[in-house]
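Structural overview
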Amino acid sequence: MFSHSVRAALLLSALSSSSLGALLQSADDAADQLTSTHYDYIIVGAGAAGGALANRLTEDGSTKVLLIEAGSSDYNNTNIEVPWLAPVLTHSQFDWNYTTTPQEGLDNRSIAYARGKVLGGSTSINYMIYTRAAQDDWNRFASVTGDDGWNWSNILSYAKKLEAFQNSPNVQNATSKFVANIHGTNGPVGAGLPQVSLPIDQIGLNAQQELSSEFKYNQDVNSGNMIGFSWTPFAIQDGARSNSARDYIQPALGRSNLDVLVNTQVTKVLQTGTDGNTPIVNAVQFTSGPNEKLYNLTANKEVILSAGSIGTPQILLLSGIGPADQAKSLGIQSIVDLPDVGQNMQDHPLLTTNFQVSSNDTLDNLSLNTTFQAEQLALWTNNRTGDFTLGACNQWAWQRLADDDPIFKNVSDPSAGPTSPHFQLIFSDLFIAFSGGAFPSGHFLTLISNLYTPTTRGSLTLNSTDPFTYPIINPGLLNDENGFDIYTMRQALKAGRRFLAANAWKDWIISEFGESANATSDADIDAYIRKNALVVNHVSGTVAMGKSGDSSKGAGALNPDLSVKGVKGLRVVDASAFPHIPAAHTMVPTYILAERAADLIKNSNSTASGSKSGSGNGAFTPSATLVSVFAPLVALVALLL
Ligand SMILES: Cc1cc2nc3c(=O)[nH]c(=O)nc-3n(C[C@H](O)[C@H](O)[C@H](O)COP(=O)(O)OP(=O)(O)OC[C@H]3O[C@@H](n4cnc5c(N)ncnc54)[C@H](O)[C@@H]3O)c2cc1C
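This one's a predicted model, so the numbers in the text were calculated from it and none came from an experiment.

A look at the sheet that holds strand β10 (residues 258–261)
Pairing is parallel in the open sheet, where five strands are placed in the order β10-β2-β1-β16-β27. Lying at the two open borders of the sheet, with one neighbouring strand each, are β10 and β27 (570–572). For this sheet, the mean angle separating the axes of adjacent strands, direction not counted, is 20°.

See the structure below:
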């Protein structure tokens, strides 16, 4: 969630400890194995979705799967495992380190855009916050796609199936903080509530009770109704990060029908033939690096792109699956004209404000007090307990604008419905900033106000035909013509200030601190937001699903079963498929999407086999496009044929 540093987290150097035996560490070294194996499915990207799919599809021992990941296998690096160290992972070797275009809505600032590049993808570098999204969000996916299978009533079984929700003995009064019977306990993904109580927890509860008409108590944010003040669940199990590498991929590696190839980037998908007039696209091209050999490999059944909301549209556009005019302008041969590929990009804008507090018992001590820091680290190392098991906050509030808010006279409500929030308020027990630079000494509370129903849409377009040149990423943050986004960010900050002005906080909070303290008029608040807002890193929607068949602009690039419109043998399963960004943290919605996708794929009869007119399966093959784009490397590739 946070894109820069919590100062206390800058403690440990990366301790590398790769230990997965059955992994293929390099395409070059594994060439013999790859050439001699026939894969039913090739999954591209080992993040939230790719990890879940690789596990579920290989439950059937007769199904052979290859999972290809651009990053390393180092998912059990200490900085990844220790929850409190999450902030050090952005800008690290595990981050693609993208940058956006100058954002008009952010005073033309370009901002860093994190994405995970390691087994587990962004689940290995994220902030582990665990939200399923509201029932109204899922019901809207069903209505946009015309597929009732995306309804809350159907996906709830997947939400439970994937969970191992812990009722940890370390969580005080746990029964009032979550609803046990709506959670799963036997699934792969570990989750639970914070194990350490903080002094501000009781103050937060008192403030909620004092202001209960505005901030209702919600016993479980994952019930389908997210609205209100609640306790924050995390994908943390027994004190350590839970991610798709640890929970889905590692357990499946013991199966002989899963191969995982890391340090390997897929550069495009390839057409292998036609079925009638429909192109069959069931092959991938991949390489170890910009100047390394290129390989082609065909799947018996399908290629599944799970490279995330940046990687997946980039691969499709490089392959000629996207807007035909864009392909033409770059000299890429178009396979199918799909105007929505790379469009519809959405993310959640984020804003921090700091409050100086009178107590010296805050999590700031993890950086201010080296003795305390060492004690806490020892607790984590020895027992997986203590403050290093914590995430960004223990409590938060998910709120809606009032139904009669004046903004709705001019703008129709962009939220999915009454169970879905317009904004989120996070209450963190320390100083958090994203701008870098020196931290003030002292003790703080940080309010993080985030917009969850952005009306703006951005885009991803190619910079070049070189797959190693990053695409042009424009999430269009706060660039709304109707004024809804900046208005709602302002209302979020005001609501957070109201919460922190409750009588309950009077002995704790001294005053708002720093530049924001002077932002009192609407104009000043808006200026502060535009100057300082960043992003929650939930990028979604760039290859959205829509109703079946129609591939015109705005109708979605995917069918409701996540197959790519206009071709056979190719599916997209990741956060790029959401037609609207879920008004929630997006990891669990992506897991849920992948869990259902696995069943859709297993039940699908639409196998794009090579018995149609096209090339044979499971073999390295040359391709015409490869020759034109990578002319200098042709000689190297030829050696492999
Ligand atoms: C810093 C940060 C903090 C976040 N905090 C939270 C949070 O607290 N809670 C929450 O719910 N969500 C959070 N998120 C968002 C959440 O992690 C993502 O929504 C989710 O992981 C998306 O899953 P995905 O499968 O679509 O993509 P990813 O998990 O990003 O996986 C995509 C994978 O594909 C690989 N890949 C990409 N291109 C290629 C290619 N060409 N060839 C081979 N492999 C490729 C990538 O390396 C990556 O491993 C955060 C994200 C970030 C970056």
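Remarks on the UniProt feature "binding site: FAD" (unreviewed entry) in the protein chain
Under the feature "binding site: FAD" (unreviewed entry), the UniProt entry names Val 118 and Val 266. These annotated residues cover 149 residues of sequence, and their C-alpha atoms lie no more than 14.2 Å from one another, placing them together at a single site. Of the annotated positions named here, the largest cavity is lined by Val 266. Overall, the relative accessible area of 0% leaves Val 118 in the buried class. Looking at the element boundaries, Val 266 is found in strand β11 (residues 265–270). Given a relative accessible area of 6%, Val 266 falls into the buried group. In this structure, Val 266 is in contact with Val 44, Ile 68, Val 284, Gln 285, Phe 286 and Ile 315, ignoring residues within four places of it in sequence.

Quick word on the UniProt feature "active site" (unreviewed entry) in the protein chain
Look at the UniProt record and you will see "active site" (unreviewed entry) annotated at His 538 and His 585. With the annotated positions falling across 48 residues, the maximum pairwise C-alpha distance of 6.8 Å places them together in a single cluster. In the annotation above, His 538 and His 585 are the residues that line the largest cavity. With respect to the secondary-structure elements, His 538 resides in the loop between β26 (534–535) and β27. By relative accessible area, which is 6% here, His 538 ends up buried.

About the cut-offs
- Residues numbered from 1 in each chain as written.
- Predicted model: local features only at pLDDT ≥ 70, side-chain atom pairs only at ≥ 80, totals over all residues.
- Heavy atoms only, no water.
- Pairing = 2+ DSSP bridges.
- Helix = DSSP H or I, 4+ residues; strand = E, 2+ residues; numbered from the N terminus.
- Axes fitted to C-alpha atoms, helices over the stretch in contact; angles between N-to-C directions.
- UniProt positions renumbered as here; feature names shortened; annotations may be inferred.
- 1 Å grid on protein atoms, 1.4 Å probe; cavity = no way out; pocket = protein on both sides within 12 Å on 5 of 7 lines; lining within 4 Å.
- Buried < 20%, exposed > 50% of the residue type's maximum accessible area, 1.4 Å probe, protein only.
- Contact = heavy atoms within 4.5 Å.

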